[in-house]
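# Residue-level structure breakdown
One letter stands for each residue in the lines below.
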Amino acid sequence: MPEPIEVRKLPLHSVSDASELAKLLDEGVIDADRVVAVIGKTEGNGGVNDYTRIIADRAFREVLLAKGTRSEEDIKQIPIVWSGGTDGVISPHATVFATVPADQAVPSDEPRLTVGFAMSDVLLPEDIGRTTMITKVADAVKIAMERAGITDPADVHYVQTKTPLLTIDTIRDAKRRGKTVFTEDTLTSMDVSNGGTALGIAVALGEIEMPGDEDVLRNRELYSSVASCSSGVELDRAQVVVVGNARGIGGRYRIGHGVMKDALDQDGIWAAIRDAGLPLPDRPHPSDLAGRLVNVFIKCEASQDGEVRGRRNAMLDDSDVHWHRQIKACVGGVAAAVTGDPAVFVSVSAAHQGPDGGGPVAAVVDLA
């Protein structure tokens, strides 16, 4: 039986800051040895060369090593997923998930938050964006579900992944071995990696049938409503965190999900909060949350038709500021207006994650 989960959102005061995590551990709110996952936003450019992710990752792992008893090798295995880029009002922060002893948790027979983790087989450069990647990711999702104690895919509300993207070095490696890659544009490979991973999640959860290579980044009718995929240079396989609900484990927290139909769809965010079990009026206001929303996790994407609600925008044509940054700032502002808190997890490159121009939303609430 999985253990109950404690969830806390912490601000980052600088790129290398993990002081709020250290404080949380020193005060005994959570145990360093019980941290099972961290999902956060860093203030870099969000691109291929965004090294703020590596800096933040090192800072958090160093604190967990210093404050706990796990070995350095064990600490390396903890899934810590950083999404780079806090454009607009988005504030750098981290959401920490940790287990608590069952006898210290709020008892409940209602569905409560549970977390499972898995790593896929190694993803070679030639796998990225192709059915081999989809299959490897799907296998890892199923393992993570089992570890979370989830048997029904309907109880999965959020799947956060981190996968490798293509770099000049890995493209050269594939060519030396006589292999081809999906694209030689390293920034585009972020979309490719995220999209292929999302399709793997959708396959694992029964949201779609197994697609073909030709569907990746092309058939936008195929998507997962719970996938949140990020990619970078930090690893060579898919790191998968499945977050859902299970009965009987107890605890204070519950997760739900919704879908933003487009970049302005506040109702999609409110729907995720309601789905997590927080009662809200017909026309909710941030004050109705009463401090019970821990965080929302959103993926976003510029619509392929270059429009939002029938109005043309220039994001896809802008040669000065990449659309990744523009749509992230836009949706971050919408999310912050809903939650009343700029520390929201908004990540871009949402191919096959929600409908075209929209994206999935997960919300964690405190029901204590």
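What counts, and where the lines are drawn
Residues numbered from 1 in each chain as written. Predicted model: local features only at pLDDT ≥ 70, side-chain atom pairs only at ≥ 80, totals over all residues. Heavy atoms only, no water. Pairing = 2+ DSSP bridges. Helix = DSSP H or I, 4+ residues; strand = E, 2+ residues; numbered from the N terminus. Axes fitted to C-alpha atoms, helices over the stretch in contact; angles between N-to-C directions. Contact = heavy atoms within 4.5 Å. Patch = residues over 30% accessible without salt bridge, like charges linked within 9 Å, V, L, I, M, F, W, Y side chains within 5 Å. Areas by Shrake-Rupley, 256 points an atom, 1.4 Å probe, with all protein chains shown as cover. Salt bridge = Lys/Arg side-chain N within 4 Å of Asp/Glu carboxyl O. Lys, Arg positive; Asp, Glu negative; His and termini not counted. Charge placed at Lys NZ, Arg CZ, Asp CG, Glu CD. Buried < 20%, exposed > 50% of the residue type's maximum accessible area, 1.4 Å probe, protein only.

### Some details on the sheet that holds strand β10 (residues 293–299)
- Strand order in the open sheet formed by four strands is β9-β14-β10-β13, and the pairing between neighbours is mixed. Bordering the open sheet on either side are β9 (253–260) and β13 (345–347), each of which pairs with just one other strand. Strand-to-strand, the axes of this sheet are offset by a mean angle of 10°, without reference to chain direction.
- In terms of strand pairing, β9 meets strand β14 (residues 359–366) through eight bridges, oriented antiparallel. When the sheet's bridge partners are listed, Arg 254 is paired in β14 with Val 365.
- Helix α7 (residues 266–275) rests against β9, β10 and β14 of the sheet, and its axis sits at about 155° to β9.

### Description of a negative patch on the surface
- A surface patch of like charges, here negative, comprises Glu 221, Asp 305, Glu 307 and Asp 356.
- Relative to the assigned elements, Glu 221 resides in the loop between α6 (188–204) and β7 (227–232).

### Thoughts on the pairing of β7
- Burial runs high along β7: six of the six residues are buried.
- Pairing of strand β6 (residues 156–164) with β7, which is carried by six bridges, proceeds in the parallel orientation. When the sheet's bridge partners are listed, Pro 164 is paired in β7 with Gly 232.

### Notes on a nonpolar patch on the surface
- A contiguous nonpolar surface patch, about 250 Å² in accessible area, is contributed by Tyr 51, Ile 54 and Val 233.
- Along the chain, Tyr 51 turns up in the loop between β2 (35–42) and α2 (52–67).

### Some points on the sheet that holds strand β1 (residues 5–11)
- Taken in spatial order, the four strands make up an open sheet running β1-β4-β2-β3, and their pairing is mixed. The open sheet terminates on both sides in strands that have one partner only, identified here as β1 and β3 (80–84). Each strand axis lies, on average, 10° off the axis of its neighbour in the sheet, ignoring direction.
- In terms of strand pairing, β2 meets β3 through five bridges, oriented parallel. Residue Ile 39 lies in a different strand from β3, and its bridge partner there is Val 81.
- Contacts from helix α1 (residues 19–26) reach β1 and β4 (93–99), with the element oriented near 140° to β1.
- Sheet strands in contact with α2 are β2, β3 and β4, and its direction is about 150° off that of β3.

Scope: geometric values only; no functional claims are made or implied.
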